[in-house]
Amino acid sequence: MRRIIQFLKDWTLPSAIVTGTVSYLVFAGIPALDGAARFFNPIFDAIFPFFMGMILFTTFCRVDFSKMRPTAWHWIITVFQVAITAALAAVIIVSGIGGDQLVIAESLLTCVIAPGAAAAAVVTAKLGGNLESMTTYTFVSNFITALLVPTVFPLIDNTLDISFVEAFLAILYKVCLVLVVPMAAAYVVKHYLRRLHQRIVAIEDLSFYMWGISLSIVTGSTVKYIAHAGTTVGFVLVIAAISLVMCLVQFATGRYVGHFFGATVESGQGLGQKNTAFAVWIAYTYLTPLCAVGPGCYILWQNAINSLEIWHHRKHR
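Q: Looking at this model, I keep getting lost on the overall build of the protein chain. Mind explaining?
A: Each helix and strand counted, the protein chain has 14 helices and 0 strands in total. Walking the protein chain from its N terminus toward its C terminus, one meets helices and strands in the order α-α-α-α-α-α-α-α-α-α-α-α-α-α. Scaling as 2.2 N^0.38, a compact globule of 317 residues should have a C-alpha radius of gyration of about 20 Å, and the protein chain matches this with 19 Å. A principal-axis box enclosing the C-alpha atoms of the protein chain has dimensions of 60 × 55 × 40 Å. The protein chain carries 19 positive and 14 negative side-chain charges, and their two centres are separated by 16 Å.

Q: How should the confidence of the model for the protein chain be read in this particular structure?
A: Do not read the fine detail of predicted coordinates wherever pLDDT is low. Averaged over every residue, the pLDDT of the protein chain is 85; residues scoring 70 or more account for 96%. No element of the protein chain has a lower mean pLDDT than helix 1 (residues 2-10), which averages 68, and none a higher one than helix 12 (residues 264-272), which averages 95.

Q: What is the right way to look at the environment of Arg 62 in this model?
A: Mapped onto the elements, Arg 62 comes out in the loop between helix 3 (34-60) and helix 4 (72-95). Overall, the relative accessible area of 37% leaves Arg 62 in the partly exposed class. Once the C-alpha coordinates of Arg 62 and Val 180 are considered, the two residues, 118 residues apart in sequence, prove to be 15 Å apart. Excluding its chain neighbours within four sequence positions, the residues that come into contact with Arg 62 are Leu 131, Glu 132, Ile 200, Val 201, Ile 203, Glu 204 and Asp 205. Within the structure, Arg 62 has its side chain in polar contact with the backbone oxygen of Val 201 (distance 2.8 Å).

Q: What should I look at first to understand the packing of helix 13 (residues 276-286) against helix 14 (residues 293-316) in this one?
A: Relative orientation and spacing of two packed helices are given, respectively, by the angle between their axes and the distance between those axes. Where helix 13 contacts helix 14, the axes come no closer than 9 Å and their chain directions differ by 170°. Our classification of the angle between helix 13 and helix 14 gives roughly antiparallel. For the pair helix 13 and helix 14, the contacting residues are Thr 276, Ala 279 and Val 280 in the first and Pro 295, Gly 296, Tyr 298, Ile 299 and Gln 302 in the second. When its residues are assigned to classes, the contact of helix 13 with helix 14 shows 5 nonpolar, 3 polar and no charged.

Q: It is not clear to me how the side chain of Lys 274 should be interpreted in this structure. Could you clarify?
A: By the secondary structure assignment, Lys 274 is in the loop between helix 12 and helix 13. Of note is the side chain of Lys 274, whose polar atom sits 3.1 Å from the backbone oxygen of Val 112. With near-sequence residues (within four places) excluded, Lys 274 lies in contact with Gln 81, Cys 111, Val 112, Ala 114, Pro 115, Gly 116, Ala 117, Gln 250, Tyr 298 and Gln 302.

Q: When you look at the nonpolar core in this model, what are you seeing that I'm missing?
A: Generally speaking, a soluble globular protein has its nonpolar side chains buried in company with each other. By size, the foremost hydrophobic cluster in this structure holds 67 residues, and its most contacted members are Phe 60, Val 149, Phe 153, Ile 156, Ile 282 and Val 293. The element contributing the most residues to this core is helix 7 (residues 131-156), with 11 residues. Other than its neighbours up to four places away in sequence, Ile 156 contacts Ala 89, Ile 92, Ile 93, Glu 106, Leu 109 and Leu 287.

Q: Mind showing me how you'd approach empty space enclosed by the protein here?
A: Any empty space left between atoms is shown by rolling a water-sized probe over those atoms. Under the criterion given, the structure shown has 2 cavities of 30 Å³ or more. One number sums up the size of the second largest cavity: a volume of about 30 Å³. Every residue lining the second largest cavity is listed: Ile 104, Ser 107, Leu 108, Cys 111, Ile 239, Ile 242, Ser 243 and Gly 294. If you tally residues by element for the lining of the second largest cavity, the top one is helix 5 (residues 99-113), at 4 residues.

Q: Honestly, helix 12 in this entry has me stumped. Any pointers?
A: In an α-helix, one full turn covers 3.6 residues, which means residues spaced three or four apart are oriented alike. Within helix 12, 8 of the 9 residues are buried, which leaves the element mostly enclosed by the surrounding structure. Taken together, the buried positions of helix 12 are Val 265, Glu 266, Ser 267, Gly 268, Gln 269, Gly 270, Leu 271 and Gly 272.

Q: Whenever I open this one, a nonpolar patch on the surface confuses me. Can you help?
A: The grouping of Val 18, Val 22, Val 26, Phe 27, Ile 30, Phe 39, Phe 40, Ile 43, Phe 44 and Ile 47 at the surface amounts to a nonpolar patch, some 820 Å² of accessible area in total. Where the nonpolar patch is concerned, the elements lending two or more residues are helix 2 (12-29) and helix 3. Taking relative accessible area as the criterion, Ile 30 reaches 39% and is therefore assigned partly exposed.

Cut-offs applied
- Residues numbered from 1 in each chain as written.
- Predicted model: local features only at pLDDT ≥ 70, side-chain atom pairs only at ≥ 80, totals over all residues.
- Heavy atoms only, no water.
- Helix = DSSP H or I, 4+ residues; strand = E, 2+ residues; numbered from the N terminus.
- Rg over C-alpha atoms; globule rule 2.2 N^0.38 Å.
- Lys, Arg positive; Asp, Glu negative; His and termini not counted.
- Charge placed at Lys NZ, Arg CZ, Asp CG, Glu CD.
- pLDDT = per-residue confidence, 0-100.
- Buried < 20%, exposed > 50% of the residue type's maximum accessible area, 1.4 Å probe, protein only.
- Contact = heavy atoms within 4.5 Å.
- Polar contact = N/O pair within 3.5 Å; in protein donor to acceptor, adjacent residues only side chain to side chain.
- Axes fitted to C-alpha atoms, helices over the stretch in contact; angles between N-to-C directions.
- Parallel < 35°, antiparallel > 145°, perpendicular 65-115°, else oblique.
- Nonpolar A, V, L, I, M, F, W, Y, C, P; charged D, E, K, R; others polar.
- Core = buried A, V, L, I, M, F, W, Y, C linked by side-chain atoms within 4.5 Å.
- 1 Å grid on protein atoms, 1.4 Å probe; cavity = no way out; pocket = protein on both sides within 12 Å on 5 of 7 lines; lining within 4 Å.
- Points joined across faces, edges and corners; volume = space filled by probe spheres on them.
- Patch = residues over 30% accessible without salt bridge, like charges linked within 9 Å, V, L, I, M, F, W, Y side chains within 5 Å.
- Areas by Shrake-Rupley, 256 points an atom, 1.4 Å probe, with all protein chains shown as cover.
- Salt bridge = Lys/Arg side-chain N within 4 Å of Asp/Glu carboxyl O.

Dropping the structure here:
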């Protein structure tokens, strides 16, 4: 039993991915479980944002708020994100591509324009990175995305009837729920409820293992998106391969930039680990559901990389 528990601790993310995948396949493949699947689906949809908020709350309880400030690597990888977003948008606009090529380009666009994952701070802490710097970048990244989405998407699709202010405020509302509320709660607990704060931070890797549980839910949803993509297996594999390349490029670029500033871990996670749930929402809201396959595959790739990073860090530590 101890070996099983230790294995789950050492390989939390791969175990979560396998659990989420198997769970979906079991519920999808056994007709007798259809009723249970319909019952639990809205429950998971309702509790997932709250659960993510709790994960970030426990993470932010460890943040020294006085040390949160923008640094050079924040702006460099932000420029990279904006530049790649502009390049992909220009290709779509100038070339006038359509059909499968447009789906591929827009899938890539969602993987780039998406902000840094809120859970990137969780993985950064696990890797021994600077939690304050990573948390600061998460806020910067979400604000930049809130500016990019309503600016870029009406340009690539003239049929979109959205105003800049409306889209900007909608995204900021999501950012507030996911980031600002947990941070405010953590600030209050840390400064005014110190006994509770001590109990929370005394539990080692609490937020990481909570993230592992949420990852199993996200993985199940991701497999569902891919299974119901309404296209051929070959085309899904093409999107998966291209999203893998983009994932590797962003992680590698982030780590390369970060090593100049002693922030290899933070910069790599900041640029490479994306809020893929947000990217899927972007695809469904402003593009087509098929474009959600790109960020859906991206979440599997980024967590495979996270698992390798954690294994490497644990091995050398």
